[in-house]
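Fold and contact review
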Amino acid sequence: MEGEAMKEQLFTLVNQTDISQITDEQLSYMLANLGNPNPILQDEIIFTLFVRAFEEEVFTLSQKQTIVEYLLANNCLYKGLGQTSDLTLLRSFTALVLSLAIDNDAKTTFLTDNLRKELLKAGQAYVFLENDWRSYDPDKGYIHALAHGSDLLASCFAHPSCQYDQQLLTKL
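Our subject in this report is the structure included herewith. None of these values were measured; they are calculated from a predicted model.

**What about the overall build of the protein?**
Scanning the protein from N- to C-terminus turns up eight helices and two strands. For the protein, the N- to C-terminal ordering of α and β elements is α-α-α-α-α-α-β-β-α-α. For the protein, the spread of C-alpha atoms along the principal axes amounts to about 50 × 35 × 25 Å. For the protein, restricting intrachain contacts to residue pairs at least 6 apart in sequence, the fraction spanning at least 24 positions comes to 66%. Total accessible area on the protein is roughly 8,600 Å²; 50% of this is exposed by carbon and sulfur atoms.

**Re the nonpolar core**
With 50 residues, the main nonpolar core has Ile22, Phe50, Phe59, Ile67 and Val68 as its most contacted residues. Sorting the residues of this core by element identifies α1 (3–14), α2 (24–32), α3 (39–55), α4 (61–73), α5 (87–107), α6 (113–129) and α7 (145–158) as the ones contributing at least two each. Considering each element in turn, this core owes the most residues, ten residues, to α5.

**A closer look at the pattern of salt bridges**
Here the structure, examined in full by the defined rule, presents seven salt bridges. Residue aspartate 105 pairs with arginine 116 through a salt bridge whose shortest N-O separation is 2.6 Å. You can see aspartate 105 sitting in helix α5 and its partner arginine 116 sitting in helix α6, a full eleven residues away along the chain. Overall, the relative accessible area of 1% leaves aspartate 105 in the buried class. Across the salt bridge formed by aspartate 113 and arginine 116, the nearest N and O atoms sit 3.0 Å from each other. Here aspartate 113 and its partner arginine 116 are both found in helix α6, three residues apart, which amounts to about one turn of the helix. We classify arginine 116 as buried; its relative accessible area is 6%.

How each quantity is defined
Residues numbered from 1 in each chain as written. Predicted model: local features only at pLDDT ≥ 70, side-chain atom pairs only at ≥ 80, totals over all residues. Heavy atoms only, no water. Helix = DSSP H or I, 4+ residues; strand = E, 2+ residues; numbered from the N terminus. Contact = heavy atoms within 4.5 Å. Areas by Shrake-Rupley, 256 points an atom, 1.4 Å probe, with all protein chains shown as cover. Core = buried A, V, L, I, M, F, W, Y, C linked by side-chain atoms within 4.5 Å. Buried < 20%, exposed > 50% of the residue type's maximum accessible area, 1.4 Å probe, protein only. Salt bridge = Lys/Arg side-chain N within 4 Å of Asp/Glu carboxyl O.

Pasting the structure below:
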């Protein structure tokens, strides 16, 4: 499905009272556009769908695993680190989605032990590495990498399997 058609499909989905499913094709589009600089697409449609799908248990077990695997394997949390660019949007919204995932895993275990360890380690490290502190851009919307990284860090520390990295805690 082409980009505009998928965007319209997701817009319709986000406005539904009850979301029964998110297809793998929709999820692929959402992941590929997580850092899109269009604030309507990125925040009001894609991120809102991630929140609702995790909170309403719409994602399948396989889809939840795919989300975490995709974001970690594609280094989305660290892409363009050290630069002030649109890639900050990808890092920032990756942190938020991973925060949703780790919170969901704490309630309904879906991650493998290795994937959980990798996610918890990445979540604890990211906030200390991010250096783009922009908050709001009138053209791109909320960036908030530091705040979203802090959300991820808090979710990691709240997870029952989290083993605190003492070296990182000394930076707090």
